[in-house]
Protein chains: 2
Amino acid sequence: MKRTAFFISDGTGITAEALGNSLLAQFDSIQFEKITLPYIDSVQKAQEAVAQINKAGELDGARPLTFDTIVDSGIRGELSSADAFMVDIFGTFLSPLENELHSSSSYTVGKSHAISRDGGYEERIKAVNYALENDDGARTRYYDDADVILIGPSRSGKTPTCLYLALQYGIKAANYPLTEEDMEEQRIPSALQPHRQKLFGLTIDPNRLSAIRNERRPNSGYASLRQCMMEVSEAESMYRRERIPNLNTTDYSVEEISTRLLVQTGIERRAR
Amino acid sequence: MKRTAFFISDGTGITAEALGNSLLAQFDSIQFEKITLPYIDSVQKAQEAVAQINKAGELDGARPLTFDTIVDSGIRGELSSADAFMVDIFGTFLSPLENELHSSSSYTVGKSHAISRDGGYEERIKAVNYALENDDGARTRYYDDADVILIGPSRSGKTPTCLYLALQYGIKAANYPLTEEDMEEQRIPSALQPHRQKLFGLTIDPNRLSAIRNERRPNSGYASLRQCMMEVSEAESMYRRERIPNLNTTDYSVEEISTRLLVQTGIERRAR
């Protein structure tokens, strides 16, 4: 049986989505249809949400689940008239936290928080620009400013990882593709030599790399398994020889690569 | 008094961070030092975490807060020996959810879930590549593939928004900067004409725009308030005249711009 799950917030809904998705992922056997309702910041919008929730329940033949981070008690009150299994994310934890901290939360006093431009926001946008301008070895003269420089064969995951590190954590990450010439030289490319303590290597299963490259350039030498095996083997031997910390990205998402990189390097988040 | 907060997970820690940060943001008056401990996936790592938590508590003179999404009961058991105020994110909600769904969660049976490469992961990486390759009007011939095409003055937030939409939601977003020439023509640029139903306009307070541009090119004509006022006014008048849905980004983060764009356009997430 299908169940519908709503992630509801007076803001972006990102927290409700993150927690709701994590919880639902624990129930393999059930199929969920997921709907996010962000910016439910008025009683009228809450009434519309209630209508949508109840309609989904009628269609499913089972009451929907809702995960909400609504702060305002009037809006929450309206929402709670829905025929749904409701998970009150903030309400559940804030009262015990208030006791622990001997302090009233803004939730209790009915004040909402936008994530808005605090929490290192400017750092994050600057880091995105840095990642874009120092992508793919395009420029090497700003490596002094880098927090980390990713190296690895083409399509091993460097660029998406740099962008995620920037957007999520405000970390300035450049990346430099190891070319065949670099491999043949059997040493760290000269542009990277002064920054070797910032290097982090990515590697990947050659079969997976070949599949990814084949989507870009089908049946090319670049995408051939032979070429991929050679490049991966040379990169890995450089990491070993030069003791460059590194990670095999084959089974990891960008989030996992990024967070594991932070653990391995000890780089501090500039924003969260 | 400072309190230390730990976000602890056997995976990336992203859910624990998202919820923990949202909850702590409700307590304005207290200063928190935040530490993420991801990949706590063995009893030994849990013991090390306990030592770190207890040490922070001694330094602070107050017990730390922990927000965890640890699934394994052996690891959780070890963690719970710490002298901390512990928020068991999964445990709190999963038992009621199990009752509602008449189903056992993987949590109960001790199985962990990596976020890994499911949930539209390939879509997300393809969308990142799409955003990079169709940034800043670089190419216009792949606009047929776009889910949305952002337009607006230079530095109004188009590129970071496209990247966020791609990384978070797998949405293919191109962007096209409105140039002075475009403005003077007083019509939608010809490359955009066939795709006008995909257009979404960004606008921004001219003072803010001038400040952003001044960081890039100090004291340039490009960054002058006069130029910014002119470009913003022309862009806004184009949005009105052509009835292009649009958003003022001045007070919004990339997350807010992106989620509001989804609400206004009705574009569906391809991944979550």
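Calculation rules
Residues numbered from 1 in each chain as written. Chains lettered and ligands numbered in written order. Predicted model: local features only at pLDDT ≥ 70, side-chain atom pairs only at ≥ 80, totals over all residues. Heavy atoms only, no water. UniProt positions renumbered as here; feature names shortened; annotations may be inferred. Helix = DSSP H or I, 4+ residues; strand = E, 2+ residues; numbered from the N terminus. Rg over C-alpha atoms; globule rule 2.2 N^0.38 Å. Buried < 20%, exposed > 50% of the residue type's maximum accessible area, 1.4 Å probe, protein only. Contact = heavy atoms within 4.5 Å. Areas by Shrake-Rupley, 256 points an atom, 1.4 Å probe, with all protein chains shown as cover. Lys, Arg positive; Asp, Glu negative; His and termini not counted. Charge placed at Lys NZ, Arg CZ, Asp CG, Glu CD. Salt bridge = Lys/Arg side-chain N within 4 Å of Asp/Glu carboxyl O. Axes fitted to C-alpha atoms, helices over the stretch in contact; angles between N-to-C directions. Parallel < 35°, antiparallel > 145°, perpendicular 65-115°, else oblique. Left-handed = near helix turned anticlockwise from the far one by under 90°. 1 Å grid on protein atoms, 1.4 Å probe; cavity = no way out; pocket = protein on both sides within 12 Å on 5 of 7 lines; lining within 4 Å. Points joined across faces, edges and corners; volume = space filled by probe spheres on them. Buried area = accessible area lost by both parts, 1.4 Å probe. Polar contact = N/O pair within 3.5 Å; in protein donor to acceptor, adjacent residues only side chain to side chain.

The name an unreviewed UniProt entry gives chain A is Putative phosphoenolpyruvate synthase regulatory protein, with Halovibrio salipaludis as the organism. In its Function (unreviewed entry) section, the UniProt record describing chain A reads: "Bifunctional serine/threonine kinase and phosphorylase involved in the regulation of the phosphoenolpyruvate synthase (PEPS) by catalyzing its phosphorylation/dephosphorylation." Within the UniProt record for chain A, the comment given under Sequence similarities (unreviewed entry) is "Belongs to the pyruvate, phosphate/water dikinase regulatory protein family. PSRP subfamily."

Visitor: Give me the overall build of chain A: which residues, what numbers.
Guide: The number of helices and strands found in chain A is ten helices and eight strands. For 272 residues, the compact-globule estimate of 2.2 N^0.38 gives 19 Å, and the C-alpha radius of gyration of chain A, at 24 Å, exceeds that figure by more than 25%. Counting only C-alpha atoms, chain A reaches 70 × 45 × 30 Å along its principal axes. Taking all 272 residues of chain A together, the buried fraction comes to 56%. Long-range contacts, defined as pairs at least 24 residues apart, comprise 71% of the intrachain contacts of chain A with a sequence gap of at least 6. A total accessible area of about 11,600 Å² is found for chain A, and carbon and sulfur atoms account for 45% of it. Counting 31 positive and 39 negative side-chain charges, chain A places the centres of these two groups 4 Å from one another.

Visitor: Would you mind going over the pattern of salt bridges in detail, with residue names and values included?
Guide: Residues and elements named next belong to chain A. Counted by the stated rule, this structure contains 33 salt bridges over all chains. In this structure, Lys2 and Asp60 form a salt bridge, with 3.1 Å as the shortest nitrogen-oxygen distance. Taken together, the residues Lys2 in strand β1 (residues 2-8) and Asp60 in helix α2 (residues 43-60) connect sequence positions 58 residues apart. The class for Lys2 is partly exposed, based on a relative accessible area of 28%.

Visitor: Any details on the environment of Glu231(B)? Residues and values, ideally.
Guide: All names here are of chain B. Note that Glu231 resides in helix α9 (residues 225-242). A relative accessible area of 7% places Glu231 in the buried class. Measuring from C-alpha to C-alpha, the distance between Glu231 and Pro153 comes to 6.5 Å, with 78 residues separating the pair along the chain.

Visitor: With reference to specific residues and values, describe the packing of helix α1 (residues 14-24) of chain A against helix α4 (residues 89-101) of chain B.
Guide: To describe two helices that pack against each other, one gives the angle between their axes and the distance between the axes. Two elements in contact, α1(A) and α4(B), have axes separated by 10 Å at closest approach and are oriented at 60°. In terms of orientation, α1(A) and α4(B) fall into the oblique class. For the pair α1(A) and α4(B), the crossing hand works out as right-handed. Of the residues in α4(B), those in contact with Leu19(A), Ser22(A) and Leu23(A) of α1(A) are Ile89(B), Phe90(B), Phe93(B), Leu94(B) and Leu97(B).

Visitor: Now, about empty space enclosed by the protein: what can you tell me, with residues and values included?
Guide: Enumeration according to the criterion identifies one cavity of 30 Å³ or more in this entry. Its boundaries defined by the atoms lining it, the largest cavity holds a volume of some 30 Å³. Lining the largest cavity we find Tyr164(A), Leu167(A), Gln168(A), Tyr164(B), Leu167(B) and Gln168(B). Mapped onto the lining of the largest cavity, the elements with two or more residues apiece are α6 (158-169) of chain A together with α6 (158-169) of chain B.

Visitor: Any chance you could break down the interface of chain B and chain A for me, citing the residues and the numbers?
Guide: Contacts between the two partners involve 82 residues from chain B, matched on the other side by 83 residues from chain A. Taken together, both faces of the contact between chain B and chain A bury some 7,100 Å²; the carbon and sulfur share is 59%. Seen at the junction of chain B and chain A, the total is 14 salt bridges. The partner of Glu100(A) in a salt bridge is Arg63(B), and the shortest N-O contact between them spans 2.7 Å. Counting across the chain B and chain A interface gives 22 residue pairs in polar contact (both at pLDDT 80 or more). When residues in the side of chain B that touches chain A are grouped by element, the largest group, ten residues, is from α4(B).

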